[in-house]
There are 4 protein chains.
Amino acid sequence: MINAKLASQSHSEHQTIVKLSETVAFGGDELVIIGGPCTVESLEQMQMVAETLSTAPVQALRGGVYKPRTSPYAFQGMGETGLDVLAKVRSQYNIPVVTEVMSISQIPIVAAHADMLQVGSRNMQNFDLLKALGEAGKPILLKRGLASTIEEFVMAAEYILSHGNPDVVLCERGIRSFDNYTRNVLDLGAVAALKQITHLPVIVDPSHAVGKRELVAPLAKAAVACGADGLIIECHPEPEKSVSDARQALSLEDMLSLVDCLKPVAVAVGRSIAIKTGVDVKSAPIFCAA
Amino acid sequence: MINAKLASQSHSEHQTIVKLSETVAFGGDELVIIGGPCTVESLEQMQMVAETLSTAPVQALRGGVYKPRTSPYAFQGMGETGLDVLAKVRSQYNIPVVTEVMSISQIPIVAAHADMLQVGSRNMQNFDLLKALGEAGKPILLKRGLASTIEEFVMAAEYILSHGNPDVVLCERGIRSFDNYTRNVLDLGAVAALKQITHLPVIVDPSHAVGKRELVAPLAKAAVACGADGLIIECHPEPEKSVSDARQALSLEDMLSLVDCLKPVAVAVGRSIAIKTGVDVKSAPIFCAA
Amino acid sequence: MINAKLASQSHSEHQTIVKLSETVAFGGDELVIIGGPCTVESLEQMQMVAETLSTAPVQALRGGVYKPRTSPYAFQGMGETGLDVLAKVRSQYNIPVVTEVMSISQIPIVAAHADMLQVGSRNMQNFDLLKALGEAGKPILLKRGLASTIEEFVMAAEYILSHGNPDVVLCERGIRSFDNYTRNVLDLGAVAALKQITHLPVIVDPSHAVGKRELVAPLAKAAVACGADGLIIECHPEPEKSVSDARQALSLEDMLSLVDCLKPVAVAVGRSIAIKTGVDVKSAPIFCAA
Amino acid sequence: MINAKLASQSHSEHQTIVKLSETVAFGGDELVIIGGPCTVESLEQMQMVAETLSTAPVQALRGGVYKPRTSPYAFQGMGETGLDVLAKVRSQYNIPVVTEVMSISQIPIVAAHADMLQVGSRNMQNFDLLKALGEAGKPILLKRGLASTIEEFVMAAEYILSHGNPDVVLCERGIRSFDNYTRNVLDLGAVAALKQITHLPVIVDPSHAVGKRELVAPLAKAAVACGADGLIIECHPEPEKSVSDARQALSLEDMLSLVDCLKPVAVAVGRSIAIKTGVDVKSAPIFCAA
C-alpha cells in the first residue's frame, strides 16, 4: 500500500536504532524523552532547563533558534546566537540537543552545533530540504505535516533515506481537525500504524498536539502505552512567560513529575525509561492516577 | 467555555458512577471492558462470544440488532429476534448487554431486553431521541458523532441528563480526517479533555476508530493510559465471516490476550481491571510489548 | 462507485422534477429560490418576510419551528404554533413553505402544514426518520450531513426513495473543516459531482455554509454558476435581532438585491430565475460586480 | 482579526494590479486564464499547447519543471532543460509563462526564464523561501497550503510583501477533507473572504481542487461567479498520457470550449475575458448549460 523502499518494514527485520550520543538512542527498549522550551530565549533560561531536567531521565534538550512563525512580524528566533547557547548547554551538561532547521543554508551551522536536526511540520514536504538533509551527517527528527497522510509522512522520510541518511526518527505531533478545543488531534493510530509500516523509530509530541498543558500528561502516557519510542515535550522555567506556545509548556517541576509517572506505563508495555539518577523504577510513584 | 449545567465538572465533586449491574459500574477505579460483535447474527454466535469472554474480565457484551447502515440494501439487523438472543445470553451467562437504539419507538423494547442503550455516532445530535432517552430508565452509552466537537458531545449528554436520566457514559470512537489509512482518528485528547470537563464516565471504542484489527491493541492500551474508564471492543468467533465491520473485529482469542495486556497498563495509571476468574494481576503477563 | 439504485443517474435519463406547487418545481431550467429566517418567531415576522419576498422571484419560504440546537437550554422553536404561522402565511401569500422535521412523530402534522419537509444536517443519517419520510407524501429537502461523504449523502436519499417517496431534493450546506474563519466550507465540487451521479435536483444553502452575511452573495452566484437547481438563503426583517444564526441572515432588502444579481448568472449557464413581478431579466442590473 | 499589514485591505483602497506582461495583468476587470500541463514533458508538447491555447483568450502558460512529488522515485521534473523549453515557447508565441520554484537556489534561474514564480501548496509555509521571493523581482503565484487557514494564507503573502515584493497573486486550490470522491474541496468561501480581506488578486485552480476533469468546468464557472480574478487550469494535448495528474487534465479542445463558456459568466458579474482573436463576446455561445 505504501510504496517506500528504504523506510519499509521489509527493508530491515530489526528496528532501526538512531543514536543521538554514546548513551542515547531511539528505537531500543529504552524510551527517549526530549524536553525543553519551544524557543531558546537566553543562556540562563537554557541552563535552568538543563540543570533541572538533568536530574530526571530526560535524555535530550529541545529549543528552537530558527522559528517558523505564521507572521513575519513575530519573533523569528535567536539564530546563530541561539545556536551558541545550545552548544554551551550541551557541553556544560553533557546532554544532546535537538533544534529545527528551516532551510538548506542553515544545515551546516546547525549540524555543527546540534546532535539532531528537526524538520518542522510546515516543511515536511519541503523536498529540497529533505534531499539536502540526506547529506547532513546528523540524525533527523521529521515531524508529520499538519495534514499529511501516513503515506506522505513515510515517503518524506524516504526522501532523506534515499539521499544517504539512514538516521531518521518520525514524530507524530497532531493533525488538524474541525475542533479547536484542542490545538490539534493527536493521531496515535498513526503511531501504531507507523510501527508496523516502518522500521524507523517513532516518537510523539503531545505538547503541540493538544496545546494545553493540563492535557499533556494523559497524552504522554497514552503515547508510551501505544508503543512510541520516545516523547518530545515542551517545558519552560516560567511557562507563562514563554515567548511562544506559552499555553502548552509545562513547568520544569511538572515535567519531572510527568516523567516519573511515565515509568510504570513504559514498564507495562515492556519498555523502560532511562535511570540517570539512580532512582529505581520500583520506588517511583506507582499510582500516578490517570 | 462549555455551557453545560448538569454535565459540567462543577455539578459534582466526585466522579459519577454509572451502574450496569450489581457488580459492573463505570467511573470507579475498576475499568469496564465491553466486548462482542458488531452485529448479533445468531444465538450460537453470541453464546460462543459469551462463553469465551466470561473467562476473562470482560464485564459486558455488545451486539447490534438495529444497525445503522449507509445503504438501505445492507443488512439492517435482526431486530426483535436479536433482542431475544441478547436476553437469552444475558440470562444464561449473567452478563449485562449493551445494544443500540435508533429511534424513539425502539426504546421500550430495547430497554426491556438490555442493560444499557447505545446512541450511535450518526444519532448523537438526534435531539428528539436524546430527549426520549432521558426517560428510558436505563443507562445510556452516547457515542461521539463522526465530526462532533467536544462541546457538542457534552451538550448532547446534557440533553439526556436534563430530561431526567443521570446515567450517561460518553464514548470516543474516532473522528473523521483526511487520511483513510485508518478508518477514523482516535481523539484521545478529547478523552483527556472530557475527563476534566465532565464528571461522566468516558470510554473508548478503538475498533471503530482505527478499523483494522492489528491496530486495536495499541490504541486500547493508549486509551487506558490516557484515563479512559473503559473500552468497547469488537470481537467475533470468526472475524472474517462477520456480517459487518469484519476488518476490525478481533478473534476471541486475541480479545482475551488483549485484556491480559491491558491489566498492567491499568495498574500503571492507578486503575484496575476486574478479576473474574481468580487470576491475580501479578501473574498476568507483565511484558506485553507495545 | 456509488451503489445507489433509485438515486443513480442511470435510473432516469431525464432530470427528476420535484414539484412544490403548481408553479414551483425543482430540476427544470428555472431555478428555485427559497428565502426566509432560520426560525419562525411570530406571525408578524413571517408576514413581513413574505410581503417583501413575494415582490421578487423567491418561490418558497423557509422557517424552522422545530429547531435542532446544540444546547437543550436554547430556544427549541415555536412548534405547532409556528406551524400555524407558516400555514397562515402560505395561504395569505400563496407561497409554498419548507420547514424541518426532527422526528417521526412530527411528520404528520408538519406534512399537513408545509409543502416540503426538510431533514437537517444532524439527521441526515437518522435512518428511521428517512424510512418514515418515504411515506410522508410530501417532497423532502435532504441537507448534507456536517461531515458526510458524497456517497453517504446519495445513499441517505436512497433510503427515502426506496421507501416510496421519489421527491427528494439534495442540499449542499457546507462541510466542516479546520478553518473557522467561515462557519463551514461550501463544497461546490460535491454539487458538480452530484449533478453527474444522480438525477435528483441539487440546491445550495450558502448561508449556513459560510455563516457571514457579507459572504453569502458571492457563494450564491457561484452555486448558480456551478449548476445548482436552486438556493435556500436566510433572510430576516431585522437580521441582528434574529433568535438564531443572526450573523448569517441577510436583510430583506439585500435578499432582493441578491436575487436580482443572480439572474444574469443563471442566464449565463443556460438557466433562468422565475419572473413573478413582470420584471424582465433584460432590465435587471446586468453588472452586479462580484 | 487577521493581523496582516501590507496585505490588508486597508493598506490600499484600490485593488492591487499584478502585471505579468505589457498586456496581461491580474486584478483588473479582465480575468486572467492560465492554461497548460502539470509537467513540462517536451518542447513539442509545450508547442502544441501554446499553438492551440493562443487561439483562445488564454493569457499565460503553466508547466512544472521542478515537481514536488510525494515519492522520491517519481519523476522530479525536467529541471533546467524544462526551463529552456518554457523560454522557447514563451518567445515563440509571445505568451507569459508561470512555473514553480521549490527552493531558494532555483530562484535566479527560474526568474531568468519565467514571468511568474509559483509557490506550491507544500511550500506555502516554507518561510525562508517566501523571504527570498521577496527579492525575486518577479510576480509570485502563492498557492494555498493543503490545510492552511485563510489567516495563514494571508500571512504567507505578508512574508513576501514585507520582504520587498508587492506582486503577489493568491491561488485557492482546494483543501483537504474527509471525502476522497473529489481530490480536495474547493473553498470558494475563502475566495470570497480573501477578496474582502486583502487587495491582492485571487485566482482559482479548479483542476487540483477537484482532481477529475469532468468536474473542472462547473467549478471554473463557479470561481468566476464568486469573484475570482483568474483561473489556472490543467490541460494537455493527450491528457491520458500526462506524466502527472492525468486524471484531471482537460484536452486542449475542452479547454477552448471551457473558456468560451466562461465568458458569459464573467460578464454576468461585471468582468470580462480577454478577446485575443477578435471573437466578440456577444457571438460566444451564450448557453453553456451548467
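A quick note: this is a predicted structure, and the numbers were derived from the prediction, not measured. (Residues numbered from 1 in each chain as written. Chains lettered and ligands numbered in written order. Predicted model: local features only at pLDDT ≥ 70, side-chain atom pairs only at ≥ 80, totals over all residues. Heavy atoms only, no water.)

Each helix and strand in chain A was counted, giving nine helices and twelve strands. Against the globule reference of 19 Å for 290 residues, chain A gives a C-alpha radius of gyration of 17 Å, in line with a compact fold. Judged by the C-alpha coordinates and their principal axes, chain A covers about 45 × 45 × 45 Å. Pairs at least 24 apart in sequence give 69% of the contacts found in chain A among residues at least 6 apart. Just so you have it, chain A exposes about 9,100 Å², and 51% of that area is on carbon and sulfur atoms. Averaging the positions of the 25 positive and the 31 negative side-chain charges in chain A gives two centres separated by 2 Å. (Helix = DSSP H or I, 4+ residues; strand = E, 2+ residues; numbered from the N terminus. Rg over C-alpha atoms; globule rule 2.2 N^0.38 Å. Contact = heavy atoms within 4.5 Å. Areas by Shrake-Rupley, 256 points an atom, 1.4 Å probe, with all protein chains shown as cover. Lys, Arg positive; Asp, Glu negative; His and termini not counted. Charge placed at Lys NZ, Arg CZ, Asp CG, Glu CD.)

Let's shift gears to the interface of chain C and chain D. The partner chain D presents 45 residues to the 45 residues of chain C that form the contact. With both chains or domains summed, chain C and chain D bury close to 3,500 Å², and 72% of this area falls on carbon and sulfur atoms. Of the charged contacts, one joins Asp 179 of chain D and Arg 144 of chain C as a salt bridge, the two residues approaching to 3.6 Å between their closest N and O atoms. The tally of links from chain C across to chain D stands at four residue pairs in polar contact (both at pLDDT 80 or more). (Buried area = accessible area lost by both parts, 1.4 Å probe. Salt bridge = Lys/Arg side-chain N within 4 Å of Asp/Glu carboxyl O. Polar contact = N/O pair within 3.5 Å; in protein donor to acceptor, adjacent residues only side chain to side chain.)

With a phi angle near 50 degrees, Asn 94 of chain A is a residue other than glycine that sits in the positive phi range. Within the secondary structure, Asn 94 of chain A is located in the loop between helix H2 (80–93) and strand S5 (97–100). Non-glycine residue Asp 245 of chain D carries a positive phi angle of around 55 degrees. Following the sequence through the fold, Asp 245 of chain D ends up in the loop between strand S10 (230–236) and strand S11 (250–251).

Okay, the pairing of strand S8 (residues 168–172) of chain B next. Side-chain direction in a regular strand flips from residue to residue, so the side chains alternate between the two faces of the sheet. Residue and element names in this part refer to chain B. In terms of burial, S8 is a largely internal element, five of the five residues being buried. Of the pairings in the sheet, the one linking strand S7 (residues 140–143) to S8 comprises four bridges and is parallel in character. Residue Ile 140 lies in a different strand from S8, and its bridge partner there is Val 168. In this region the chain leaves S7, passes through helix H5 (residues 150–162) and returns to the parallel neighbour S8; the handedness of that crossover is right-handed. Examined bridge by bridge, S8 and strand S9 (residues 202–204) share three bridges and lie parallel to one another. (Buried < 20%, exposed > 50% of the residue type's maximum accessible area, 1.4 Å probe, protein only. Pairing = 2+ DSSP bridges. Right-handed = clockwise from strand over helix to strand, strands pointing away.)

Applying the stated rule across the entire model yields 56 salt bridges over all chains. Glu 152 of chain B is the salt-bridge partner of Arg 176 of chain C, the closest N and O atoms lying 2.5 Å from each other. With Arg 176 of chain C in the loop between strand S8 (168–172) and helix H6 (188–197) and Glu 152 of chain B in helix H5, this residue pair bridges two chains. Across the pair, exposure class does not vary: Arg 176 of chain C and Glu 152 of chain B are buried alike. A salt bridge links Asp 260 of chain B to Lys 263 of chain B; its shortest N-O distance comes to 3.1 Å. Separated by three residues within a single helix, Asp 260 of chain B and Lys 263 of chain B lie in helix H9 (residues 252–268), roughly one turn from each other. You can call Asp 260 of chain B partly exposed: its relative accessible area is 26%.

Below, the discussion takes up the pairing of S5 of chain A. Residue and element names in this part refer to chain A. Here S5 shows no split at all, with Val 97 and Thr 99 on one side and Val 98 and Glu 100 on the other all buried. Pairing geometry for strand S4 (residues 60–62) and S5, over two bridges, is parallel. Bridge pairing in S5 places Leu 61 opposite Val 97. Pairing between S5 and strand S6 (residues 116–119): three bridges, direction parallel. Directly across from Glu 100, in S6, lies its bridge partner Gln 118.

Take the relation of the copies chain B and chain A next. In screw terms, the move from chain B to chain A is a rotation of 180 degrees and a rise of 0.0 Å along the axis, fitting with an RMSD of 0.0 Å. Put plainly, the chains are arranged around a two-fold axis. Scanning chain B for the C-alpha nearest the rotation axis identifies Ala 222 of chain B, at a separation of 2.0 Å. When the interface residues of chain B are mapped onto chain A, 100% of them are again interface residues, pointing to one common binding face. (Least-squares fit on C-alpha atoms with pLDDT ≥ 70 in both.)

Let us look at the interface of chain B and chain A. Each side of the interface is counted separately: chain B has 45 residues, and chain A has 46 residues. Here chain B meets chain A over a buried area of about 3,500 Å², counting both sides, of which 72% is carbon and sulfur. There are two salt bridges connecting chain B and chain A. Summed over the shared surface of chain B and chain A, the number is four residue pairs in polar contact (both at pLDDT 80 or more). Among the elements of the structure, helix H6 (188–197), helix H8 (216–226) and H9 of chain B are those that each provide at least two residues to the side of chain B that touches chain A. Among the residues forming the side of chain B that touches chain A, the class breakdown is 30 nonpolar, eight polar and seven charged. (Nonpolar A, V, L, I, M, F, W, Y, C, P; charged D, E, K, R; others polar.)

Here Ser 71 of chain A lies in the loop between S4 and H2. In this view, Ser 71 of chain A contacts Gln 76 of chain A together with Met 155 and Tyr 159 of chain D; residues no more than four positions away in its chain are not counted.

According to the stated counting rule, one finds four aromatic pairs over all chains in the structure shown. Both rings, one in Phe 127 of chain A and one in Tyr 159 of chain A, keep their centres 4.5 Å apart while their planes meet at 25 degrees; by these two values the pair is stacked. Pair noted here: Phe 127 of chain A is in helix H4 (residues 127–133) and Tyr 159 of chain A is in helix H5 (residues 150–162), with a separation of 32 residues, a long-range link. Cation over ring: Lys 5 of chain B sits above Tyr 73 of chain C, and NZ or CZ is 4.1 Å from the ring centre. (Phe/Tyr/Trp six-rings, centres within 6.5 Å; stacked < 30°, edge-to-face > 60°. Lys NZ or Arg CZ within 6 Å of the ring centre and 35° of its normal.)

Topologically, Met 102 of chain B is positioned in the loop between strand S5 (97–100) and helix H3 (107–113). Exposure remark for Met 102 of chain B: the relative accessible area of 4% places this residue in the buried category. Apart from residues no more than four positions distant in its own chain, Met 102 of chain B is found in contact with Tyr 66, Lys 67, Pro 68, Asn 123, Asn 126 and Leu 129 of chain B together with Asn 126, Phe 127 and Asp 128 of chain C.

Here the focus is the packing of helix H9 (residues 252–268) of chain A against H9 of chain B. Packing of H9 of chain A against H9 of chain B leaves a shortest axis separation of 8 Å and a crossing angle of 170 degrees. In terms of axis orientation, H9 of chain A runs roughly antiparallel to H9 of chain B. Mapping the contact onto sequence places Pro 264, Val 265 and Ala 268 of chain A in H9 of chain A and Pro 264, Val 265 and Ala 268 of chain B in H9 of chain B. Considered class by class, the residues forming the contact of H9 of chain A with H9 of chain B number six nonpolar, no polar and no charged. (Axes fitted to C-alpha atoms, helices over the stretch in contact; angles between N-to-C directions. Parallel < 35°, antiparallel > 145°, perpendicular 65-115°, else oblique.)

Moving on, we come to the packing of helix H8 (residues 216–226) of chain C against helix H9 (residues 252–268) of chain C. Residue and element names in this part refer to chain C. In the contact formed by H8 and H9, the axes pass within 9 Å of each other and the chain directions differ by 30 degrees. Put simply, H8 runs roughly parallel to H9. Classified by chirality, the crossing of H9 by H8 is right-handed. Residues Val 216, Ala 217, Ala 220, Lys 221, Val 224 and Ala 225 of H8 pack against Leu 258, Cys 261, Leu 262, Val 265 and Ala 266 of H9. For the contact of H8 with H9, a count of residues per class yields ten nonpolar, no polar and one charged. (Left-handed = near helix turned anticlockwise from the far one by under 90°.)

Moving on, we get to the side chain of Glu 152 of chain B. Accessibility expressed as a relative area gives 7% for Glu 152 of chain B, which makes it buried. Excluding its chain neighbours within four sequence positions, the residues that come into contact with Glu 152 of chain B are Met 124, Gln 125 and Ala 147 of chain B together with Thr 70 and Arg 176 of chain C.

Residue and element names in this part refer to chain D. If you check which residues of helix H1 (residues 43–53) are buried, you get Gln 45, Met 46, Val 49, Ala 50 and Leu 53. Within H1, the buried residues cover an arc of 125 degrees as seen down the axis, which keeps them to one side. For H1, the elements touching its buried residues are strand S3 (30–36), strand S4 (60–62), helix H2 (80–93), S10 and helix H9 (252–268). (Arc of directions from axis to C-beta.)

Further remarks concern the state of the cysteines. Summed over all chains, the structure comprises zero disulfides over all chains. Cysteine Cys 235 of chain A remains unbridged, with the sulfur of Cys 38 of chain A as its closest cysteine sulfur at 12 Å. (Disulfide = S-S within 2.5 Å.)

Residue and element names in this part refer to chain D. Between its terminal C-alpha atoms H9 stretches 25 Å, which fits the 24 Å expected from 17 residues at 1.5 Å a residue. By the burial criterion, the buried members of H9 are Leu 252, Met 255, Leu 258, Val 259, Cys 261, Leu 262, Lys 263, Pro 264, Val 265, Ala 266 and Ala 268. Gly 270 occupies a position one or two residues after H9 and carries a positive phi of about 80 degrees. (Expected span 1.5 Å × (residues − 1).)

Turning our eyes to something else, we now look at the environment of Ile 140 of chain B. All names here are of chain B. Structurally, the position occupied by Ile 140 is in strand S7. Judged by relative accessible area, which is 0%, Ile 140 ranks as buried. As a C-alpha pair, Ile 140 and Val 119 span 21 residues in sequence and 7.3 Å in three-dimensional space. Those residues in contact with Ile 140 that sit more than four places away from it in its chain are Met 116, Leu 117, Val 119, Leu 133, Ile 160, Asn 165, Asp 167, Val 168 and Val 169.

Note that every value here comes from positions in space, so none of it alone points to a role or purpose.
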